[in-house]
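These are the residues of each chain, in order.
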Amino acid sequence: MNEFEDIEQLLKPQCEFKASETLKQEVMEKAREEVSPRRTIKLWPWLAAACVIGFIVMLLMPPKSATEEKTLVAEKVEKPKAVEEKQVETIPEPVNVKVETPKRPKVKRPRKVVKEAPAKEPQEEPVQMSEETRMELLLASLDKDVPQMEEKDSYEAIRQIRMRGERLVSMYKAIDN
Amino acid sequence: MERETERLLEELERIVTERQDWLFRFAYMRIGIREDAEDVVQESLLSVFRRLREKMGIGNVEQYVIRAVSNACTDYFRRKPLRVVTLDKAELVSVGEADRQIHGEFVRISRLLETLPPEQQEIVRLKCYDDLTFKQIAELQDIPEATAKSRYRYAIMHLQQMIKKKGDKI
């Protein structure tokens, strides 16, 4: 019987077993995490909201074909604008040209009238013509230009008339000389 | 609800404070690796806590904790057969200075019981090393109390003969 007890004694623990100091802390922390449902409650609403927003976006987004049509329409609209702009831009240019063009005849015409040969033949004829007939011819030439001038701005028309008056005076002076 | 949770947390804290060293020794004497033994204890305690929270009927909490750790050790050997420390290599396991003593104890007991069948080994560990009563052992092993007693008796007699043989040889 003693031997039986000796063996039992031999099988008894002969040193102390100590668990880590962190074991208790870890167990309690994990238990508290399981108890507190904060994380799950915090996460779920956000996830649900994100899903709902995604769904709404999918619903509200127009189909691809519609977006393509819109772009086409936009292009169509843009092109006329560009053309209009170009037209608008081109309009002033001819005005400038037209403004300049009257100057040329102002200088050249008298010269042609004076220097060119065909002008000389009529020069010889006006010598024979009376002053009244010459005046009538000049006024007739002015009358031909009047409809064109009426279409332009009043300022421009006045300017034209003034230039023609000057030309007339210069022609008279040339004839007199 | 919060009061109930607080009460359960206090209950868990009490169990951990009172039994953590005993449970750690229980697990270490079967596994032989500190980290794994502590993991097993931690998981077992948390499973008990979950069980308490779900208000599942737990008669004797302490007996339930021991059973949980015992089952966790069995599962450990099932899940990680490669990490099981065989007796031949038990002394080669690297342990810290503080764990040298308890690891020596693990090797000593394992060497004493190595010639016994596994079911007798477990009953001797539970009776001698873990200091459980035959009634507790019978409940834990799901066997009649008489079977536990007879297995224990056979195991001790076998050890006596083995020690005698060794003494005669010396």
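Computed from a predicted structure; not experimentally measured. (Residues numbered from 1 in each chain as written. Chains lettered and ligands numbered in written order. Predicted model: local features only at pLDDT ≥ 70, side-chain atom pairs only at ≥ 80, totals over all residues.)

S.K.: Can you explain the nonpolar core? Please cite residues and give values.
M.R.: With 46 residues, the main nonpolar core has B:Ala27, B:Tyr28, B:Val40, B:Val41 and B:Val69 as its most contacted residues. For this core, the elements supplying multiple residues, two or more each, are helix H2 (21–35) of chain A together with helix H1 (2–31), helix H2 (34–53), helix H3 (61–79), helix H5 (100–113), helix H6 (118–129) and helix H8 (145–169) of chain B. Here this core takes 10 residues from H1(B), the largest share from any one element. In this structure B:Val40 touches B:Ala27, B:Ile31, B:Val69, B:Ala72, B:Cys73 and B:Tyr76, once residues within four positions along its chain are discounted. (Core = buried A, V, L, I, M, F, W, Y, C linked by C-beta atoms within 7 Å. Buried ≥ 20, exposed ≤ 12 C-beta atoms within 10 Å, placed from the backbone. Helix = DSSP H or I, 4+ residues; strand = E, 2+ residues; numbered from the N terminus. Contact = placed C-beta atoms within 7 Å.)

S.K.: Describe the interface of chain B and chain A, naming the residues involved and giving the relevant values.
M.R.: Contact with chain B, which involves 28 residues of that partner, is made by 22 residues of chain A. Secondary structure elements with two or more residues in the side of chain B that touches chain A: H1, H2, H5, H6 and H8 of chain B. With 11 residues, H1(B) is the single largest residue contributor to the side of chain B that touches chain A.

S.K.: Any details on the packing of H3(B) against helix H7 (residues 134–141) of chain B? Residues and values, ideally.
M.R.: How two helices sit against one another is set out by the angle between their axes and by the gap between those axes. All names here are of chain B. One way to put it is that H3 packs onto H7 with a least axis distance of 10 Å and a crossing angle of 50°. On the basis of the axis angle, H3 is oblique to H7. Once H3 is placed against H7, the crossing between them reads as right-handed. Counted together, Gln63, Ile66, Arg67 and Ser70 of H3 and Gln136, Glu139 and Leu140 of H7 form the full contact between these two elements. Split into classes, the residues belonging to the contact of H3 with H7 amount to two nonpolar, three polar and two charged. (Axes fitted to C-alpha atoms, helices over the stretch in contact; angles between N-to-C directions. Parallel < 35°, antiparallel > 145°, perpendicular 65-115°, else oblique. Left-handed = near helix turned anticlockwise from the far one by under 90°. Nonpolar A, V, L, I, M, F, W, Y, C, P; charged D, E, K, R; others polar.)

S.K.: Describe the environment of A:Leu168, with residues and values.
M.R.: Residue and element names in this part refer to chain A. Structurally, Leu168 is set in helix H9 (residues 154–176). Look at Leu168 and you get partly exposed, because 16 C-beta atoms sit within 10 Å. Sequence-wise, Leu168 and Met135 are 33 residues apart; in three dimensions their C-alpha atoms are separated by 9.8 Å.

S.K.: Help me get a handle on the packing of H2(B) against H3(B), residues and values and all.
M.R.: All names here are of chain B. The contact between H2 and H3 brings their axes to 9 Å, and the two run at 130°. As the angle between them shows, H2 and H3 are arranged oblique. For the pair H2 and H3, the sense of crossing is right-handed. Taken together, the residues of H3 that come into contact with H2 (itself represented by Asp36, Val40, Val41, Glu43, Ser44, Ser47 and Val48) are Tyr64, Val65, Ala68, Val69, Ala72, Cys73 and Tyr76. For the contact of H2 with H3, the class distribution of residues is 10 nonpolar, two polar and two charged.

S.K.: Describe H2(B), with residues and values.
M.R.: Here H2(B) spans 29 Å end to end across 20 residues, near enough to the 28 Å set by a 1.5 Å rise per residue. For H2(B), the set of buried residues is B:Arg34, B:Ala37, B:Glu38, B:Val40, B:Val41, B:Gln42, B:Ser44, B:Leu45, B:Val48, B:Phe49 and B:Leu52. Those residues of H2(B) that are buried are in contact with H2 of chain A together with H1 and H3 of chain B. Of the residues one or two after H2(B), B:Lys55 is the one with positive phi, at around 60°. (Expected span 1.5 Å × (residues − 1).)

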